[in-house]
Amino acid sequence: MTEQSPALQNLLTENRTFQPSEEFTQRANAKADLYDKADSDREAFWAEQAERLHWDTKWSQVLDWSEAPFAKWFVGGKLNVAYNCVDRHVEAGYGDQVAIHWVGEPGDTRDITYAQLKDEVCRAANALLSLGVTAHDRVAIQLQMVPEAIVAMLACARIGALHSVVFGGFSPTALRQRVDDAEAKVVITSDGQYRRGKAAPMKANVDEALAGAESVEKVIVVRRTGAEVPWTDGRDLWWHELVDGQPAEHQPEAFDSEHPLYILYTSGTTGKPKGILHTSGGYLTQASYTHHVAFDHKPGEDVYWCTADIGWVTGHSYIVYGPLSNRVTQVVYEGTPNTPHEGRHWEIIQNYKVSIYYTAPTLIRTFMKWGDEIPAKYDLSSLRVLGSVGEPINPEAWVWYREHIGAGRTPVVDTWWQTETGAIMISPLPGVTATKPGSAQRPLPGISAKVVNDAGTEVPHGGGGYLVLDKPWPSMLRGIWGDNERYQETYWSRFAAQGFYFAGDGAKYDDDGDIWLLGRVDDVMNVSGHRISTTEVESALVSHPTVAEAAVVGASDPTTGQGIVAFVILRGSAVDGGEEAVQELRNHVAKEIGPIAKPRQIMVVSELPKTRSGKIMRRLLRDVAEDRQIGDVTTLADSSVMDLISAGMKSGK
Ligand code: WTA
């Protein structure tokens with residue numbers, strides 16, 4: 001953590017604070033006493049939060065941590081997650097409330113009420129049952145932001161099948177890896193998706209991914225673009241043909257609180273993505289509670305919009321499970337933020353009177369780049385809470401967000417959490433906290449986090465180190481799909497003596513004890529809020545026939561947080577390392593993993609800096625990539641290597 005990017009240095013000198021208005025505080029869902037209440041009896045606190053949900057059978061024990069790090073929350077309780085997100089609102093008389101204002105990229109729209117959503121989810125559940133999908137089966141979903149994506153997830157939850165949503169931008173190779181790992185029985189996709197005004201194919205990629213995939217029995221295809229698609233008779237089914245004719249009644253079954261809900265793959269420090277496993281009762285409790293307190297959401301009053309994609313955990317917890325369990329009315333937008341123009345988000349906020357908006361720093365920085373005058377053209381006065389997630393937000397972007405989007409009036413909540421944590425862990429409370437630009441500040445009531453040094457001792461105020469979670473929380477991951485050992489090793493071995501969960505993030509306390517996140521401390525990069533492992537990109541590079549060796553680093557980037565920079569050694573001198581070869585490699589990575597993993601820059605080098613034991617010193621490569629003075633080279637096997645590499649850079653090679 002000695003190497004800090006300018007944005008992070010900036011963080012360390014930021015000292016402005018913003019108090020919530022009196023009016024906001026008075027009406028806020030969470031009051032200041034919530035912290036003490038949670039501290040005085042954590043389990044009683046969480047039991048009270050679990051009462052937000054409908055349980056068919058009440059739990060007998062709040063937490064069983066006897067087999068740590070494998071937690072059980074609300075032991076013995078039974079509930080149906082989909083019933084909690086949909087049916088109970090209809091039963092309570094809110095069937096006509098709009099659940100989803102869906103906006104298609106080309107401008108088509110659909111408003112879906114809770115009554116309609118319930119019917120759709122029941123039909124889809126019946127459709128899956130008709131294909132022989134039962135509880136514990138896995139269903140892979142690769143869909144863009146269409147209502148069917150949400151319906152499909154809820155239909156799985158309803159029948160106790162696990163969904164594994166795969167981001168629409170992932171390559172066939174990446175999809176196949178995930179389908180195989182989870183042994184998915186059914187895959188749900190679409191014919192194509194609208195991206196930047198064009199219809200891009202989806203089904204064709206899925207077909208490529210699934211060639212020879214043994215576990216897959218059926219592929220369900222949502223019609224969206226109307227494009228011609230390849231078809232495998234006996235395997236492929238149109239969503240509308242399969243689902244529309246199903247009965248709109250389905251009796252939800254109550255599943256155990258620890259019944260698995262979903263798997264979501266995320267990058268780790270090795271090349272193989274980890275299937276993060278979440279279960280039902282604890283997950284839904286925390287997703288629901290955090291959405292209620294961190295965004296101050298008021299059902300029937302607010303219009304909420306989380307701009308994430310359901311391919312990421314933010315889409316799972318803050319589009320599907322948290323918001324719907326809280327009877328949200330929300331916007332779901334299919335497309336890109338600059339199609340057909342750069343004011344698209346502001347236009348949507350104006351049209352639907354969005355009051356809570358949750359997005360990522362990378363997008364905020366992009367909006368800044370596009371210009372202040374764009375949001376200024378729209379009426380954004382409906383907004384009352386702004387949220388940020390996915391990466392550290394630099395104070396400049398935070399202040400711009402509050403000023404230009406929130407009219408200098410709205411609280412901004414910077415929410416820290418991970419795929420593994422399932423729900424928000426560290427965040428201001430919008431009616432309580434005097435917010436600080438760039439700081440996620442305090443663990444939410446009920447959550448405990450600490451910044452510790454190498455030895456696992458908490459650092460004093462003003463000190464920096466590693467972020468750990470020192471107490472179990474309801475929405476914590478229950479493991480890595482099929483690999484308990486990796487679960488223990490990845491998260492629980494670093495501070496095994498203390499029993500801390502190691503998040504992989506660096507953090508510091510300021511003098512008030514507020515937490516500032518400083519980015520990953522492992523080999524995971526964060527590009528536009530997407531987690532990508534350096535090893536994954538390195539493996540993709542060396543799978544190309546011209547590459548002998550590759551080393552990848554995340555270099556700080558003013559817009560995307562980090563950018564991927566690769567150093568490659570090509571095979572033999574016969575291979576030309578010119579522009580064309582580099583382009584080919586960038587495309588190769590996009591094809592292997594997905595466009596989000598395309599390196600920003602590839603540098604062809606003749607050597608890589610290695611220690612005597614052969615370990616690549618990424619720290620030094622980061623210095624080169626960020627154009628900094630090169631750090632300590634004394635542990636290199638050959639210290640002249642860095643001179644060679646830097647000389648190569650300067651000559652523009
Ligand atoms: C980073 C996304 C700073 C962090 C919900 C974490 C953040 C990783 C923040 C998880 C934030 C997320 N401030 N860093 N507010 N939110 N991160 O699993 O490095 O896609 O470990 O979950 O994103 O990314 P994931």
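Criteria and cut-off values
Numbering of residues begins from 1 in every chain and follows the order in which that chain's sequence is written. Per-residue local features are limited, in this predicted model, to residues with pLDDT of at least 70; the limit for side-chain atom pairs, both in listing and counting, is 80 or more; totals at the level of whole chains, interfaces and linings are taken over all residues. Excluded from the side-chain calculations are hydrogens and water; all other atoms, namely the structure's heavy atoms, are used. Fitted lines through C-alpha atoms give the axes, limited to the stretch in contact for helices. The angle between two N-to-C directions lies from 0 to 180 degrees. A run of H or I in DSSP counts as a helix once it spans at least four residues, and a run of E counts as a strand once it spans at least two, with each numbered from the N terminus. If an angle is under 35 degrees, it is roughly parallel; if it is over 145, roughly antiparallel; if it lies from 65 to 115, roughly perpendicular; otherwise it is oblique. Helix crossings are classified by the rotation of the near helix relative to the far one: an anticlockwise turn of less than a right angle makes the crossing left-handed, while a clockwise turn makes it right-handed. Should any heavy atoms of two residues lie within 4.5 Å, those residues are counted as being in contact. Gly counts as polar in this scheme, as do all residues outside two lists: the nonpolar Ala, Val, Leu, Ile, Met, Phe, Trp, Tyr, Cys and Pro, and the charged Asp, Glu, Lys and Arg. Whether a residue is near a molecule or strand depends on its heavy atoms: it is near if one of them lies within 4 Å of it. Identification of polar contacts relies on pairs of N or O atoms within 3.5 Å, with a donor-acceptor requirement for protein atoms, meaning one able to donate a hydrogen and the other able to accept it, and with residues adjacent in sequence counted only if both atoms are side-chain atoms. Note on areas: Shrake-Rupley, 1.4 Å probe, and residue coverage restricted to the protein chains presented here. UniProt positions are given in the numbering used here, feature names are shortened, and annotations may be inferred rather than shown by experiment. Per-residue confidence from the predictor is given as pLDDT, running between 0 and 100. In plain words, nonpolar cores are sets of buried Ala, Val, Leu, Ile, Met, Phe, Trp, Tyr and Cys residues tied together by side-chain atoms within 4.5 Å. Any residue under 20% of the maximum accessible area for its type is buried, any over 50% is exposed, and the rest in between are partly exposed; the area is computed with a 1.4 Å probe on protein chains only. We count a salt bridge whenever a side-chain nitrogen from Lys or Arg sits within 4 Å of a carboxyl oxygen from Asp or Glu. At least two DSSP bridges between two strands are needed for those strands to be called paired.

So, the packing of helix H5 (residues 81-94) against helix H6 (residues 114-130)
Part 1 of the reasoning: At a minimum axis separation of 9 Å, H5 and H6 run at an interaxial angle of 140°. Here H6 runs oblique to H5, going by the angle between their axes. The two elements H5 and H6 cross, and the hand of that crossing is left-handed. Every residue of H6 that contacts H5 at Cys-85, Val-86, Asp-87, His-89, Val-90 and Tyr-94 is listed here: Tyr-114, Ala-115, Leu-117 and Lys-118.
Part 2 of the reasoning: Within the contact of H5 with H6, the residues separate by chemical class into seven nonpolar, one polar and two charged.

Here's the deal with the site of the ligand
Part 1 of the reasoning: Near the ligand there are 17 residues, and of these Asp-414, Thr-419, Asp-505, Arg-520 and Arg-531 occur at the shortest range.
Part 2 of the reasoning: Between the ligand and Asp-505 there is a distance of 2.7 Å, counted from an oxygen atom to a side-chain nitrogen or oxygen.
Part 3 of the reasoning: For the ligand, an oxygen atom lies 2.7 Å from a polar atom in the side chain of Arg-531.
Part 4 of the reasoning: Protein contact buries 97% of the 520 Å² of open area that the ligand shows by itself.
Part 5 of the reasoning: When its residues are assigned to classes, the shell around the ligand shows six nonpolar, six polar and five charged.

Comments concerning the UniProt feature "domain: Acetyl-coenzyme A synthetase N-terminal" (unreviewed entry) in the protein chain
Part 1 of the reasoning: Here, UniProt's "domain: Acetyl-coenzyme A synthetase N-terminal" (unreviewed entry) annotation points to residues 33-85.
Part 2 of the reasoning: Here residues 33-85 is 40% helix and 19% strand, with 28 Å between the C-alpha atoms at its ends.

Some remarks on the confidence of the model for the protein chain
Part 1 of the reasoning: Confidence in the prediction for the protein chain averages 94 pLDDT; 97% of positions are at 70 or higher.
Part 2 of the reasoning: Overall fold confidence (pTM) sits at 0.93, and the ipTM for the predicted complex is 1.00.

Describing the nonpolar core
Part 1 of the reasoning: Core analysis: the largest hydrophobic core is formed by 115 residues, its most contacted members being Leu-117, Leu-154, Ile-188, Tyr-321, Leu-324 and Leu-467.
Part 2 of the reasoning: At 10 residues, helix H7 (residues 147-159) tops the list of elements feeding residues into this core.
Part 3 of the reasoning: Leu-467 has contacts with Trp-416, Ile-426, Ala-449, Lys-450, Val-451, Tyr-501, Phe-502, Ala-503, Asp-505, Ala-507, Ile-515 and Leu-517, leaving out every residue within four places of it along the chain.
Part 4 of the reasoning: Listed in part, the 40 residues of the second largest apolar core include Ala-184, Ala-209, Trp-312 and Ile-596.

Comments concerning the pattern of salt bridges
Part 1 of the reasoning: Counting across every chain of the model gives 37 salt bridges.
Part 2 of the reasoning: Where Asp-108 meets Arg-224, a salt bridge forms, and the shortest distance between an N and an O atom there is 2.8 Å. Placement of the pair is Asp-108 in the loop between strand E4 (98-103) and strand E5 (109-113) and Arg-224 in the loop between strand E11 (218-222) and strand E12 (236-238), with a sequence separation of 116 residues.
Part 3 of the reasoning: Classification of Asp-108 as partly exposed rests on a relative accessible area of 30%.
Part 4 of the reasoning: We note a salt bridge from Asp-454 to Arg-494, for which the minimum N-O separation is 2.5 Å. One end of the pair, Asp-454, is in the loop between strand E21 (449-452) and strand E22 (464-469); the other, Arg-494, is in the loop between helix H17 (484-492) and strand E24 (501-509), and 40 residues separate them in sequence.
Part 5 of the reasoning: For Asp-454, a relative accessible area of 52% translates into the label exposed.
Part 6 of the reasoning: Owing to a relative accessible area of 32%, Arg-494 belongs among the partly exposed residues under this scheme.
Part 7 of the reasoning: When salt bridges that share partners are traced, they join Lys-203, Asp-207, Arg-235 and Asp-236 into one network.

Regarding the sheet that holds E11
Part 1 of the reasoning: Read from one edge to the other, the open sheet built from eight strands follows the order E12-E11-E8-E6-E7-E14-E15-E23, with strand pairing classed as mixed. Taken across any chain shown, the strands that pair with only one partner, and hence form the sheet edges, are E12 and strand E23 (479-480).
Part 2 of the reasoning: Where strand E8 (residues 186-190) meets E11, five bridges bridge the pair, whose relative direction is parallel. If you follow Val-187 over to E11, its bridge partner there is Val-219.

As for the sheet that holds strand E17 (residues 330-333)
Part 1 of the reasoning: Pairing within the open sheet is mixed, and its seven strands lie in the order E5-E4-E17-E16-E18-E19-E20. Each edge of the open sheet is held by one strand with a lone partner, namely E5 and strand E20 (412-415). Across this sheet, the average inter-strand angle for adjacent strands is 20°, counted without regard to direction.
Part 2 of the reasoning: Here five bridges tie E4 to E5, and the two strands are oriented antiparallel to one another. Pairing of Val-98 across the sheet is with Thr-113, part of E5.
Part 3 of the reasoning: Across the sheet, H6 touches E4 and E5, and the angle it forms with E5 is around 90°.

Here's the deal with the packing of H6 against H7
Part 1 of the reasoning: Orientation of H6 relative to H7, taken along the N-to-C sense of each, is 65°, at an axis distance of 8 Å. As H6 packs across H7, the resulting crossing turns out to be right-handed. The residues of H7 that touch H6, namely those facing Leu-117, Glu-120, Val-121, Cys-122, Ala-124, Ala-125, Leu-128 and Leu-129, are Val-151, Leu-154, Ala-155, Cys-156, Arg-158 and Ile-159.
Part 2 of the reasoning: Taken together, the residues of the contact of H6 with H7 break down into 12 nonpolar, no polar and two charged.

Structural notes on the environment of Ile-220
Part 1 of the reasoning: Tracing the backbone through its elements, the reader meets Ile-220 in strand E11.
Part 2 of the reasoning: Excluding residues that lie within four positions of it along the chain, Ile-220 makes contacts with Leu-128, Leu-131, Val-186, Val-187, Ile-188, Thr-189, Leu-237, Trp-238, Trp-239 and Leu-242.

Comments concerning unusual backbone geometry
Part 1 of the reasoning: Residue Pro-69 is bonded to the preceding Ala-68 through a cis peptide linkage, with omega at 5°.
Part 2 of the reasoning: Within the element layout of this structure, Pro-69 appears in the loop between strand E1 (61-64) and strand E2 (72-75).
Part 3 of the reasoning: The residue after Thr-339, namely Pro-340, is reached through a cis peptide bond having omega -5°.
Part 4 of the reasoning: Considering the arrangement of structural elements, one finds Pro-340 in the loop between E17 and helix H13 (344-352).
Part 5 of the reasoning: Phi at Glu-183 takes a positive value of approximately 50°, unusual for a residue other than glycine.
Part 6 of the reasoning: Within the secondary structure, Glu-183 is located in the loop between helix H8 (172-182) and E8.

Some points on the pairing of strand E29 (residues 561-570)
Part 1 of the reasoning: With eight of 10 residues buried, E29 lies mostly within the body of the structure.
Part 2 of the reasoning: Counting the residues between successive antiparallel strands, the hairpin from strand E28 (residues 547-557) to E29 contains three residues.
Part 3 of the reasoning: Bridge analysis of E29 against strand E30 (residues 601-604) gives four bridges, and the strand direction is parallel. When the sheet's bridge partners are listed, Phe-567 is paired in E30 with Met-603.

Describing the pairing of strand E26 (residues 524-527)
Part 1 of the reasoning: By the alternation rule, side chains of E26 split into Val-524 and Asn-526 and Met-525 and Val-527, which are all buried.
Part 2 of the reasoning: Hairpin connection between E26 and strand E27 (residues 530-533): a loop of two residues separates the two successive antiparallel strands, and Ser-528 in this loop has a positive phi of roughly 50°.

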